[in-house]
Amino acid sequence: MTGFRDKNLELLIKETRSSTDEQLSASIGYIPEEFESSKADLLRKLFSNLDKPIFFFPYIGILSGAIGSMSSRAIGSLRKITSNLMDKNETFSTGLRELNIPDLINLLGENFFSRVFSGYGDDSIAQMVPAALVAENVSMFQAMRFLHHRTLAGIEKSTRYRRYDKRGPDGNYLYIVDNLIKAAGLEGHFRATIDKAFDIYSSLCDQKEGKGKLVIEGIKEKILPFGVFREEVRKALENKSDRQADDSELLEAYDKTIRAMHLDTIRHALPLATSTLLALEVNSQNIRDIMFAGYSTPTAESVAVTELLRREAAKYAGPLIADVDPGSPDEKIRSRTLDAILYKHNTGFLGRDIKYRIDRSNLYYSKGEEKGFGLYRIQHCHGFVRVIDDLFGFEVEVSTKDTIDDLVAAIIAERNPGMSFADAYNYVHRLKEMKDDRGSPYRIEDPEILSLEQKRKLILEYAGISNGLRTNRRHKPGRAFENVYFNISIKMPIGEIRDIRRHRILTNFDPGYFTHELDFFISPVLKEIGLENELLSKYNELAKLNDVIAEKTNPIVASTALPLATNERMNLKINFRELHHILELRTQPGAHINYKRVCQMTACGINQYLNGIGKDTIKFLDASTEIDYGRAIQEFRTMRKLAQK
């Protein structure tokens, strides 16, 4: 860690604080776009600036949400996407020209927030100031750092609908080389190794010849043959009472579906240094949290992006972030901020050499359960259940200390105002207080104790199952389900961790950086066509680069060298109600086959608890094989709308 101590975090913040906006933008490789003057005038009504990678929507709502969502699938930067929208939609351009909203809200708000927040430190005030934030030209690793926080919403540039083999104006692939890597003299080594990863990704992108063509053929043969696709789509259209598709529509939808699955399959070759775009719906409290963490993350990219964010946010919420400025001339603010955010960098980092690991030799029971392409093995251990997928190499470990009685007690307490949890638990167990011969109290069970069948009946009625009230996945069971928590650990590729985290699981114990100790994921399709050894060779080169950077700078910077194929643990604590939402949402037809599989495995794990009640209440989990026909329904609707214009 000597390299990092020579250029520690506080020094990095000082240097960044004295840099201009242009220098900070250039440090992450951002090149400002040029717009003709008439368009620039209109774009300034929507965005806080046109020449920096961090910017806000001054006015948020449906408009900011729609434009931010478009960035996920459309080509180019968010402001370029909006500029293209002006060309295609004259009504949109006219609306922007006529938009003229005085800034009275900001003028009124600044005085109010300065007085109330600075004077009383009321965090609820900051939570009432919404913002739409955009970060362009940041690394995928930095985007994950943003989404680590409990933001209101977030969407990143898709790896399913967009290719990443495009080169920039300088002829280089689009990825971030952190300035700490450059300062350590590793830029040449970094670029040479990362370029090889992009080279193989680029070769896999070609759908007409070479390796890319082999991938397409493998998907068509092994995962989604056209005959199966046609049959399943026709069933789906019939179930939805939609007009049946003709052969030409089926073929067009099939090709679009295969293209998306193709990019899904090869995306794991991309390194975490890859440039991306992230749109976030936040409030001012979120911005404060992001800034605290950003200044405390020892990468030049994080500190530069955070400083740009501070400067831009100061235009709209200055009083709310004044105490999150490590470069402030106010020594009290500066010292308090640094004390709060700086890692103890002089003592180095805790490595992953902790010896207290689970002894997996005490697993005493294993059974198989057919799902999808292969077999899940379910192992019972002291304290947890482990679900293993031998084909994909995924693992899910599930544990809970809660019981079916905890859920029943929560339901009873909710339905009886004034009743405490203790009263509810006593009711569930029907405990009577008695006294012995000496007058000392003790408790015995009432003979009329609630039976398991009675408890199940109460739960299924409350969840809307037995009475038919829960008719789709958006009808969540009641909040009493939030009283039961599961600890879940999932071994899966970083690419899938990014997908699952997009839905903002509240308590996620993700690591501050990534390593390659759990090896790499190779899609079964890529194995089938003989690319496993070549991919592993490239991934091992990235792993060696990661080790070199970690030694000369720090392991957080080194994470950017790892590919999305890197297996990692996602540890989370999640309540039973939230699990219904995540598992049912991420197993719907059209879901990525990897995270669909992981969610199916998680459901298998939790069904080992609570007397299997999850099998009945998680009613809309799709436990079928990973047939990706769901997207085709949307493709038909889009094609038909376009045909009508």
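Residues numbered from 1 in each chain as written. Predicted model: local features only at pLDDT ≥ 70, side-chain atom pairs only at ≥ 80, totals over all residues. Heavy atoms only, no water.

What about the pattern of salt bridges?
On inspection of all chains with the given rule, the structure shows 35 salt bridges. With a shortest N-O distance of 3.0 Å, Asp325 and Arg17 are connected by a salt bridge. Of this pair, Asp325 sits in the loop between helix 17 (300–321) and helix 18 (331–341) while Arg17 sits in helix 2 (residues 9–17), and the two are 308 residues apart along the sequence. Residue class for Asp325 comes out buried when judged on its relative accessible area of 8%. Owing to a relative accessible area of 27%, Arg17 belongs among the partly exposed residues under this scheme. In this structure, Glu397 engages Arg386 in a salt bridge whose closest nitrogen and oxygen atoms are separated by 3.6 Å. Of this pair, Glu397 sits in strand 8 (residues 394–399) while Arg386 sits in strand 7 (residues 384–389); the two residues are 11 residues apart in sequence, bridging distant segments of the chain. Take Glu397: its relative accessible area is 9%, and that puts it in the buried class. With relative accessibility at 9%, the residue Arg386 sits in the buried group. (Salt bridge = Lys/Arg side-chain N within 4 Å of Asp/Glu carboxyl O. Helix = DSSP H or I, 4+ residues; strand = E, 2+ residues; numbered from the N terminus. Buried < 20%, exposed > 50% of the residue type's maximum accessible area, 1.4 Å probe, protein only.)

Quick word on the sheet that holds strand 3 (residues 153–156)
If you walk across this open sheet you meet the 4 strands as 1-2-4-3, and the pairing is antiparallel. Edge strands, defined here as strands with exactly one partner in the open sheet, are strand 1 (54–57) and strand 3. On average, each strand axis in the sheet is tilted by 20° relative to the strand beside it, whichever way the strands run. Alignment of strand 2 (residues 130–139) against strand 4 (residues 275–283), held across 9 bridges, turns out to be antiparallel. In the sheet register, Ala135 faces strand 4, and the bridge partner there is Leu278. Most of the contacts of helix 16 (residues 284–296) go to strand 4, to which it runs at about 135°, and overall it touches strand 1, strand 2 and strand 4. (Pairing = 2+ DSSP bridges. Axes fitted to C-alpha atoms, helices over the stretch in contact; angles between N-to-C directions. Contact = heavy atoms within 4.5 Å.)

Considering the packing of aromatic side chains
Scanning the model with the defined rule gives 18 aromatic pairs in all. Arranged with centres 5.5 Å apart and planes meeting at 25°, the rings of Tyr175 and Phe198 form a pair that is stacked. Of the two residues, Tyr175 is situated in the loop between strand 3 and helix 11 (179–183) and Phe198 in helix 12 (residues 187–205); the sequence distance between them amounts to 23 residues. For Tyr175, a relative accessible area of 8% puts it in the buried group. The exposure class assigned to Phe198 is buried, which follows from its relative accessible area of 0%. A connected cluster of aromatic rings, assembled from ring pairs, spans Tyr462, Phe481, Phe486, Phe576 and Tyr609. For the cation-ring pair, Arg167 lies above Tyr173, with the distance from its terminal atom to the ring centre recorded as 3.8 Å. Over the ring of Tyr595 we find Arg586; its NZ or CZ atom is 4.2 Å from the centre of that ring. (Phe/Tyr/Trp six-rings, centres within 6.5 Å; stacked < 30°, edge-to-face > 60°. Lys NZ or Arg CZ within 6 Å of the ring centre and 35° of its normal.)

Here we look at the side chain of Asn607
You can see Asn607 is positioned in the loop between helix 27 (593–606) and helix 28 (614–617). Within the structure, the side chain of Asn607 is placed 3.0 Å from the backbone nitrogen of Lys615, a separation counted as a polar contact. If sequence neighbours within four positions are ignored, Asn607 has contacts with Gly612, Gly614 and Lys615. (Polar contact = N/O pair within 3.5 Å; in protein donor to acceptor, adjacent residues only side chain to side chain.)

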